[in-house]
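Here are the chains, one letter per residue:
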Amino acid sequence: MMDCLFCKIVAGEIPSDQVHADDEVIAFRDIAPRAPTHVLVIPRRHIPDAHALTDADGDLLAKLFGVARKVADDAGLSEGYRVVTNVGSDAGQTVFHLHLHLLGGRPMAWPPG
Ligand code: AMP
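Residues numbered from 1 in each chain as written. Predicted model: local features only at pLDDT ≥ 70, side-chain atom pairs only at ≥ 80, totals over all residues. Heavy atoms only, no water.

(A) Geometry of the overall build of the protein. Each helix and strand in the protein was counted, giving two helices and five strands. Reading the protein from its N terminus to its C terminus gives the helix and strand order α-β-β-β-α-β-β. Radius of gyration (C-alpha) of the protein: 14 Å, near the 13 Å computed for a compact globule of 113 residues. Burial analysis of the protein (113 residues in total) assigns 37% to the buried set. In the protein, once contacts between residues fewer than 6 apart in sequence are set aside, the share between residues at least 24 apart is 52%. Carbon and sulfur atoms make up 54% of the accessible area of the protein, which amounts to about 6,800 Å² in all. Distance from the positive charge centre (10 side chains) to the negative charge centre (15 side chains) of the protein: 5 Å. (Helix = DSSP H or I, 4+ residues; strand = E, 2+ residues; numbered from the N terminus. Rg over C-alpha atoms; globule rule 2.2 N^0.38 Å. Buried < 20%, exposed > 50% of the residue type's maximum accessible area, 1.4 Å probe, protein only. Contact = heavy atoms within 4.5 Å. Areas by Shrake-Rupley, 256 points an atom, 1.4 Å probe, with all protein chains shown as cover. Lys, Arg positive; Asp, Glu negative; His and termini not counted. Charge placed at Lys NZ, Arg CZ, Asp CG, Glu CD.)

Right, here's the structure in full:
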């Protein structure tokens, strides 16, 4: 997926401010943060969005949330945080490589706009 921005970040071809990296998952700071903590948690493997996940991805999905938990703990988000994944253009998805937005450090409105 050489035209995928996040695949290029995984490959190290585009720089990122990484806060976590392992053999399956990386996490890096969003370039346009919407909260004091705004980190993107992504699989190294190209998956377009959450709609493309299958039963076989259960372990990977748990790992993505586990990394989000670690990042939240490291950031001291003891009062809570939000995990969001946009699916498709109507939801505001702009990068079509699965990612969890981890947002925290301020109160969040509900529902999202
Ligand atoms: P979404 O709109 O849900 O697809 O989220 C894509 C996110 O990627 C947006 O919040 C962007 O600010 C973020 N983003 C785009 N390019 C980069 C980049 N080079 N490094 C870090 N975050 C990025």
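(B) How the structure looks around the pattern of salt bridges. Tallied over the full model, the rule gives six salt bridges. Asp57 serves as the salt-bridge partner of Arg45, at 2.6 Å between the closest nitrogen and oxygen. Pair noted here: Arg45 is in the loop between strand S3 (37–43) and helix H2 (58–74) and Asp57 is in the loop between S3 and H2, with a separation of twelve residues, a long-range link. Close ionic contact of Asp74 with Lys70 constitutes a salt bridge, the shortest N to O distance being 3.5 Å. (Salt bridge = Lys/Arg side-chain N within 4 Å of Asp/Glu carboxyl O.)

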